[in-house]
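Tertiary structure, described
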Amino acid sequence: MKKSLQGLLTLLLALVVQIGFAQEKTVSGTVLDEDGLPLPGVNVIEQGTSNGTQTDFDGNYSISVAPGDVLVFSYVGFQQQEITVTDSDVYNVSLLVDAASLDEVVVTGYVTQKKSDITGSLVEVGEEQLQEYAAASVDQALQGNVAGLAVSSSSGTPGSVANIRIRGISSITAGNEPLYVIDGVPISNGNVNASDATSSISALAAIDQSTIESITVLKDASATAQYGARGANGVILITTKGGKYGTTRFNFSSQVGFQNDAIDQPTPLTNAQRLELAGEAYWNDNRDFFASEAEAVDYVLNNVGLFPQWDADGRPESNWQQVLSNPDALFQQYSLSASGGGEDNRFFASIGYLEQEATVIGSAFERISGSLNFSKDFNPSLKFSSNNTASYSFQDAFLERSAYFDSPRTATYFMNPLRMPYNDDGTPAEIGGSLPNPLISTRDNFNENRFTRIISGNSLDWEIGGGFSAGAKFNVDFQLYNYRTYTNRNYGYGVPTSGDASQYDRTNAFYVFQNYLNYDFEINPDHIFDIKLVQEYQSSRSYFLGGAGENFADDGLFYLSSAGTPTQATSSFNDWYMGAYLGLLQYSAFDSRYVLNLSYRKEGNSRFAADNRWGDFYSVGAAWNIHKENFMANAGAVDYLKLRGSYGVTGNADIGLNNYQSLFTYGVDYNGEGAQAVSTFGNNDLSWEINKTFDIGLEFGLFQNALTGNFAYFNRKSEDLLLDVPLSQTTGFATQTQNIGELTNSGFEFQLTANIINTEDVGLSIGGNLATVENEVTKLPLDPNGNERTVTTTITRIETGHPVREYYMPTWAGVNPETGLNEWYIDGEGGETTTNFNEAEAVFQGGNSVPTITAGMNLNFNFKGFFINAQGYYAGGHKIYEGWHLYLHQTNGYPILAYNGYQSLLDRWQEPGDNARHSRFTTAGEPWQRHSKYLYDADFLRLRTVTVGYDLPSSAMEQIGMTSARIYVRGNNLATWVKDDNLLYDPEQDLGGETGLETPPTKAVLVGVNLTF
Amino acid sequence: MKKFIYKGLMVALAFGAVSSCTTEDLEPTLAQSKSVEQSVNNVGNLFSILKGVHSLMSESGYYGQDVIITNEVRSDNTFSIGNSGRYTTESQYLYNNNTDLIWNNAYEVIANANIIINADLESLEGDTDYGAHIQGQAMAIRALAHFDLLREYGQQHTGSGNLGVPIVTEYKGDNLFPARNTIEEVKAAIYSDLEMAFSMMDSQFDDTKVYIPKYGAKAIESRVAVYFGDWSRALSAAEEVINSGMYSVISADSYVDSWQGDGGVNVIFELAASQVDNAGINGLAYMYQINADGSGYGDVVARPEVLDIYEDGDVRLGILDTSGDWIRNTGKYPDNVNFTNNIPLIRYEEVVLNYAEALLETGGDALTQLNKLPANRGASLYTEATKDNILLERRRELIFEGFRFDDQLRTGMTMEAVGTTGNVVETIDYPSYLFAWPIPISEMNANSNMVQNDGY
């Protein structure tokens, strides 16, 4: 209080003086730093007015003031200095480095905070780490760098969506995706594709990683509660690059390389193996008919399906796997940027290009992007900034999200290998039957996604004075999405309809308005306060339009105006709105020795009925910087020691639109006329899902911060789950969304970095992180008889006392050595077995598809400009179920007569006494039976990135007019260890829990350069 | 200092004034939907819901494919070769409670029908006679849906138990967790609905066959009565349809072609399909056929002995295709490119056969009625009306339409589970738990008032 009184007195005095001697004069001077070097861009303001200027390149300033006025010199990272104008006309100032500001400043949401003032759990990932992983979207680069964050891609197809889970699964029905925030503004994310069948395309893939300065991941409630409803699953804050005062700098970077599947996919049977197995199957099925197995093989060769033709043709191999793959798929990325600034403005501009082919034929991703971040100080206290990025992405997608026969990935296994891909003259063969040759369909048909995204964030910040500041932000996230398909009329599925085509367009417009008022004050230097009030409004509107048609008169016509028969016209609109009021209080006592952060947010969302629309969210966080205590003054080894804790309530509203209303849909039609049918059961009581998170952590820095790290425990309890509660289907509905059920996630997180060597010539640091998460459903809805309403599928079940969607199925007991038949445990847990699948009880198999342990390790070494960076990732404790095994991995007719099985099937029962993994072959088709034989431990360890490079010496660079140059060779996913040998697919799978026929993750080898001039 | 505080306050006030956001500002738009409670205001709305009900019936989870194919592959007419892996489970009687079959679809139909039936006609705008007709139509469909549920899930052929399915007569009624009613209760509810439906409907409104007509109620009643052996009811119900004079048996010349077109003289009620609205590759044609270019799932083929049930010259042989490795149905639901064939649910021929069987059971002149079919099919006439002859004629006439399974069960035949190569995997003596479908596990998990059928 003393200080502000003084301030007031000074001000009054100044006013008096001003009235008395209102004689203005021009004063000037130079501002230097401690080393005597000029400081450009220092703000020089007449206290209490908007009169001000900035120093020029040489640190010089001049300003018109009256004697007695107080000049305030301020510059980021330096202590503020005040000088009262007297008779002199020249005031040279030397600014001192602000020791407190050496404390790293981190964006923590609506505010930036000094590291010591942070009470929450967050991880900042810098530009270098983000660029270690070559991918279209930046989220892939977070894997392994953030304890407790797990990334799982839905597909390795370039540009497709990755699922991110921070500290486990918090919701069963509502979304589990974190909130993405770019430069302080929430943006929409996720899949933008209009088709459920073709590759997904991520909205995040529209953003060029090379424009990103850093990403901060907020994990606990003290950090995320300010985002209220959408913070429940963590927040990913993206900060884009800005310009700096000074001459314009250019940066050019490029990365070019090739990619292949990260691990070999299952090897299909050769035709010779197929013949052997088919003969054996016929022999097994018809012992009375054939005299010997050899006779059965002869029979197959002469009579069954395509075998006779294949035999006559000299028994060729088709090698569909090689034919349909795109080995050494291209990856290239270029970006050119310029940044700089004048006395009152700063800018960063960039253009970027990225092209990535898939490892399968007929699929690729391309993006061209540009950005301009510009800020202008209208006057020293009024600043405007505008961050703009625009991009156009193109994805050559394909049907990969189920076993679509037209997909090259599917055809690898589903195509009968007795059919040859090429004719004798080398042209692709026009194969009949329900599986057309993908060589032709990928050539003549298309599924294309085009995505244009423009994000423009504009803000005005006004330094009112006296500790007050205010500002406003307006952000537009505008997305234009176009999806086109064409199926040719000459060959394949388009023949019956003489070709067909469709086109769909979606326009998404997201607007965010933010206003804030900030008040910093201190009672005395030992008690510093910062209060912030924020008001926020967000709207999302989505317009969809599309149509389809068939019957084309000629080739080369892809648009609907040429289609003879229109078959579909559709359009729709949907919207949602969010409004919020937020208050933040930061209190820091005794030079941040004690810190208290409070937040309160009131948020309303259109997904709930008017009476339940608003929710209250809050958090309390406290930190104790122990190293600042006097008693630590002599603890020489300890440079930094902080105990922090937080508790808070966040919410989740990520459910479908209009779920609370009881509705008719008019999306049905009958006999060519519009019709209606009930579509939502409705629930007027629907409201927020609540997450209560407790988090405690210890952060430390030892031996001059050579060893830094932290340790944290969290417990996140999700209540009033927005759950699609199973209804008796006699109501006409399968589910109703209700607020019921509870689950918890708890775990430990460690992070440790050791800077072992840190000299001018040599640097070596190693680090790692480890996180555990235990997930348990603790409450589910009951039916009127008090019985729990569990949710069961053929492979999973949701039940209290278990993790969400724990695997649940009959337990396989192996193949009976005498009979060669599969057996299952009747009670699921050992003991008596049965060969009747329906007799076997389904039981929990331990674990779901979400890793319970994740770890990241990294190593950075440099020696005289040479450097090596490496990073590895481990995930474990989870399981994965093999999809499509009925057709590809069972001893029935499908893998040997219709489709094509894996070579692992050769380990099959042949005669009594055989101990084989696979049962006796038969020619028959079997029905679907899902059981534990096809459930695998999914633990894996992966070398995510290795980069070896060289930074050219700066002396050499200067001679050719450059600032720095770096060349490097990079490898991504070069090596993978998988725990379960029986798991033939890549272990890094979508959280759906079942392996699919999507493109697997890739390994890449790239060379790159990075030049600054 | 004060001036900053004033400025701060001013900004704070400006905030509130310019940008305050109220509950109303967060009201979502209803662009594609309307509130159930507020949007049934006139008779036209009832008709719109009725169209929705018919649309739900034509989905592939119900009459679009499932209920017809599931019954066919379990009967001695057809089996699944598993070409695309579909319907092998049913063909081999290996199903378990993970399959929903029509449970959800039929109750969805009932839920929507109940909105129509329970609407207060007096409070609606429009022609109340027409409103009553629509309510009658909804009631007939509700009866049909309850019957479909009963024949699939009821315990009448399992050898023990008397449980049927829950009768649901209200949309969002008081009891959202109903227990199963007995077979007799369900049957009584079906008959009661059908009688009421018949009395409420007026034939003057039956201008197209794609909505259930007045005599459709009687035709369904005859079907249900035959199924349960309520012969006098079957007799009178069938008689009313026949005496209406509105329908006739299709002639031999037109038989095969009649499947190509819609709305034949023999069709009492059929579900509409068109180029832009059909079950597509999840429909009937795609399951029965494989096109020359290889498209088509073609899992379901006829058993070889089907050829033997027809005499040479029987026009019904024209629906079979014997040119490939398997005998296929290419004549019923023939359009396997645009899938535009309507799906007949009630044909006059079935009513005639119901009538003949009821006459046989009650001592009437069954032969005259029975011979109406061979007389119009290029087949020789029967000299005697016996149960076997009637069942044979039913099989010949109604093959691939989903009737045979019920005919076999209600006459206590032994069933065969057939593998993908046509091999008989297992014979199943009557009665068996396998003749009632399991209540879906999702229902069991949601509703503990529900009792599972034995064996699952």
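Residues numbered from 1 in each chain as written. Chains lettered and ligands numbered in written order. Predicted model: local features only at pLDDT ≥ 70, side-chain atom pairs only at ≥ 80, totals over all residues.

Some thoughts on the overall build of chain A
- The helix and strand tally for chain A stands at 13 helices and 52 strands.
- Compactness check: chain A gives a C-alpha radius of gyration of 33 Å against a globular reference of 31 Å for 1013 residues, within 12% of the reference.
- Residue burial in chain A is summarised as follows: out of 1013 residues, 50% are buried.
- For chain A, restricting intrachain contacts to residue pairs at least 6 apart in sequence, the fraction spanning at least 24 positions comes to 67%. (Helix = DSSP H or I, 4+ residues; strand = E, 2+ residues; numbered from the N terminus. Rg over C-alpha atoms; globule rule 2.2 N^0.38 Å. Buried ≥ 20, exposed ≤ 12 C-beta atoms within 10 Å, placed from the backbone. Contact = placed C-beta atoms within 7 Å.)

Quick word on the overall build of chain B
- Along chain B, the regular secondary structure elements total 16 helices and 9 strands.
- Across its three principal axes, chain B shows a C-alpha extent of roughly 110 × 50 × 45 Å.
- A fraction of 68% describes how many contacts in chain B between residues 6 or more apart in sequence connect residues 24 or more apart.

Details of the nonpolar core
- With 132 residues, the main nonpolar core has B:Ile116, B:Ala140 and B:Ala356 as its most contacted residues.
- Of all the elements, helix H6 (residues 128-153) of chain B adds the most residues to this core, at 12 residues.
- Apart from residues lying up to four places away in sequence, B:Ala140 is in contact with B:Leu194, B:Ala197, B:Ile212, B:Gly216, B:Ala217 and B:Ile220.
- Ranked by size, the runner-up nonpolar core spans 78 residues in total, among them A:Ala135, A:Val217, A:Val235 and A:Met809. (Core = buried A, V, L, I, M, F, W, Y, C linked by C-beta atoms within 7 Å.)

A look at the confidence of the model for chain A
- In the predicted model, chain A carries a mean pLDDT of 89, and 97% of its residues have values of at least 70.
- Within the model, pLDDT remains below 50 along residues 1-22 of chain A, and this stretch shows 23 contacts once partners closer than five positions in the same chain are excluded. (pLDDT = per-residue confidence, 0-100.)

Side note on the interface of chain B and chain A
- At the junction of the two partners, chain B supplies 75 residues and chain A supplies 84 residues.
- Listed by contribution, the elements that provide at least two residues to the side of chain B that touches chain A are helix H1 (2-19), strand E1 (33-35), helix H2 (43-57), helix H4 (88-91), helix H5 (103-117) and helix H16 (441-446) of chain B.
- A class-by-class count of the residues in the side of chain B that touches chain A yields 29 nonpolar, 35 polar and 11 charged.
- Examined bridge by bridge, strand E30 (residues 663-670) of chain A and E1(B) share 3 bridges and lie antiparallel to one another. Note that in E1(B) the partner of A:Phe664 across the bridge is B:Lys34. (Nonpolar A, V, L, I, M, F, W, Y, C, P; charged D, E, K, R; others polar. Pairing = 2+ DSSP bridges.)

Points about the sheet that holds strand E40 (residues 796-798) of chain A
Residues and elements named next belong to chain A.
- Pairing is antiparallel across the open sheet formed by 4 strands, whose spatial order is E39-E40-E41-E45. The outermost strands of the open sheet, each flanked by one partner alone, are strand E39 (791-792) and strand E45 (842-844).
- Bridging between strand E41 (residues 806-810) and E45 involves 3 bridges; their strand directions are antiparallel. Residue pairing across strands places methionine 809 opposite valine 843, the latter belonging to E45.

Side note on the domain arrangement of chain A
Residue and element names in this part refer to chain A.
- Each assigned domain of chain A is listed with its residue range as follows: domain 1 (2-99) and domain 2 (138-262 + 327-773 + 850-886 + 932-1012).
- Inter-centroid distance (C-alpha atoms) of domain 1 to domain 2 is 46 Å.
- Taken together, the 13 residues of domain 1 in the interface contact 11 residues of domain 2.
- Where the side of domain 1 that touches domain 2 is concerned, the elements lending two or more residues are helix H1 (2-20), strand E2 (43-46) and strand E3 (52-54). (Domains from an automatic or database assignment.)

Side note on the pairing of strand E33 (residues 707-719) of chain A
Residue and element names in this part refer to chain A.
- Pairing of strand E32 (residues 689-702) with E33 involves 13 bridges; the strand directions are antiparallel. Paired with asparagine 691 across the strands is serine 718, a residue of E33.
- Counting the residues between successive antiparallel strands, the hairpin from E32 to E33 contains 4 residues, one of them, phenylalanine 703, with a positive phi of roughly 50°.
- Where E33 and strand E36 (residues 742-758) come together, 12 bridges link them in antiparallel fashion.

Some details on the packing of H6(B) against helix H7 (residues 183-200) of chain B
All names here are of chain B.
- The contact between H6 and H7 brings their axes to 8 Å, and the two run at 155°. Overall, the two elements H6 and H7 adopt an arrangement that is roughly antiparallel. The two elements H6 and H7 cross, and the hand of that crossing is left-handed. Across the interface between the two elements, Ala132, His133, Gln135, Gly136, Met139, Ala140, Arg142, Ala143, His146, Phe147 and Leu150 from H6 touch Ile183, Val186, Ala189, Ile190, Asp193, Leu194, Met196, Ala197 and Met200 from H7.
- For the contact of H6 with H7, the residue count by class is 14 nonpolar, 4 polar and 2 charged. (Axes fitted to C-alpha atoms, helices over the stretch in contact; angles between N-to-C directions. Parallel < 35°, antiparallel > 145°, perpendicular 65-115°, else oblique. Left-handed = near helix turned anticlockwise from the far one by under 90°.)

Observations regarding the sheet that holds strand E16 (residues 235-240) of chain A
Residue and element names in this part refer to chain A.
- Spatially, 5 strands are ordered E10-E15-E16-E13-E14 in an open sheet, and the strand pairing comes out mixed. Where the open sheet ends on each side, the last strands, each with one partner, are strand E10 (122-126) and strand E14 (185-187). Neighbour-to-neighbour, the strand axes of the sheet open up by a mean angle of 25°, direction not taken into account.
- The sheet contact formed by strand E13 (residues 179-182) and E14 spans 3 bridges and is antiparallel. Bridging across to E14, tyrosine 180 finds its partner in isoleucine 187.

Examining H2(B)
- Its 15 residues give H2(B) an end-to-end C-alpha distance of 21 Å, which sits within 8% of 21 Å, the value for a rise of 1.5 Å per residue.
- Here H2(B) lies mainly inside the structure; 14 of its 15 residues are buried. (Expected span 1.5 Å × (residues − 1).)

Let's talk about the environment of A:Pro525
- Positionally, A:Pro525 belongs in the loop between strand E24 (500-524) and strand E25 (527-552).
- Since 10 C-beta atoms lie within 10 Å of it, A:Pro525 is described here as exposed.

Some points on the environment of A:Leu204
Residue and element names in this part refer to chain A.
- Here leucine 204 lies in the loop between E14 and strand E15 (212-218).
- For leucine 204, a count of 26 C-beta atoms within 10 Å gives the class buried.
- Spatially, the C-alpha atom of leucine 204 lies 27 Å from that of tryptophan 688, the residues being 484 residues apart in sequence.
- Beyond its immediate stretch of four places on either side in the chain, leucine 204 contacts Ser137, Val138, Asp139, Tyr180 and Asn189.

Some words on H7(B)
Residues and elements named next belong to chain B.
- With 18 residues, H7 should reach 26 Å at 1.5 Å per residue; the first-to-last C-alpha distance of 26 Å fits that figure.
- Along H7, the residues classified as buried are Val186, Lys187, Ala189, Ile190, Asp193, Leu194, Ala197, Phe198 and Met200. Viewed end-on, H7 has its buried residues packed into an arc of 165°, placing them on one side of the element. Along H7, exposed side chains directed more than 90 degrees from the buried face belong to Glu184 and Ser192.
- Looking at the packing, one finds that the buried side of H7 touches H6 and helix H8 (214-228). (Arc of directions from axis to C-beta.)

Describing the environment of A:Leu560
All names here are of chain A.
- Along the chain, leucine 560 falls in the loop between E25 and strand E26 (563-589).
- What makes leucine 560 buried here is the crowd of 20 C-beta atoms within 10 Å.
- Distance from leucine 560 to alanine 501, taken between C-alpha atoms, is 6.7 Å for residues 59 residues apart in sequence.
- Beyond its immediate stretch of four places on either side in the chain, leucine 560 contacts Ala501, Gln503, Gly547, Gly549 and Pro566.

Let's talk about the packing of H6(B) against H8(B)
Residue and element names in this part refer to chain B.
- For the pair H6 and H8, the least separation of the axes is 10 Å and the interaxial angle reads 20°. Here H6 is positioned roughly parallel relative to H8, judged by the angle of their axes. Seen along the crossing, H6 lies across H8 with a hand that is left-handed. Here H6 contributes Ala140, Ala143, Leu144, Phe147 and Arg151 to the contact with H8, which in turn contributes Gly216, Ala217, Ile220, Val224 and Tyr227.
- Tallied by class, the residues present in the contact of H6 with H8 amount to 8 nonpolar, 1 polar and 1 charged.

Topic: the confidence of the model for chain B
- When pLDDT is averaged across chain B, the result is 93; 96% of the residues are at 70 or more.
- Taken over the whole predicted complex, pTM reads 0.87, whereas the ipTM for its chain interfaces reads 0.90.

Points about unusual backbone geometry
- Look at the link from B:Tyr430 to B:Pro431: it is a cis peptide, with omega at -10°.
- Although it is not a glycine, A:Gln704 adopts a positive phi angle of roughly 55°.
- Not every positive phi belongs to a glycine, and B:Tyr333 is a case in point at roughly 55°.
- In this structure, B:Tyr333 sits in the loop between strand E6 (328-329) and strand E7 (343-347).
- B:Tyr333 gets classed as buried once you count the C-beta atoms within 10 Å, which come to 28.

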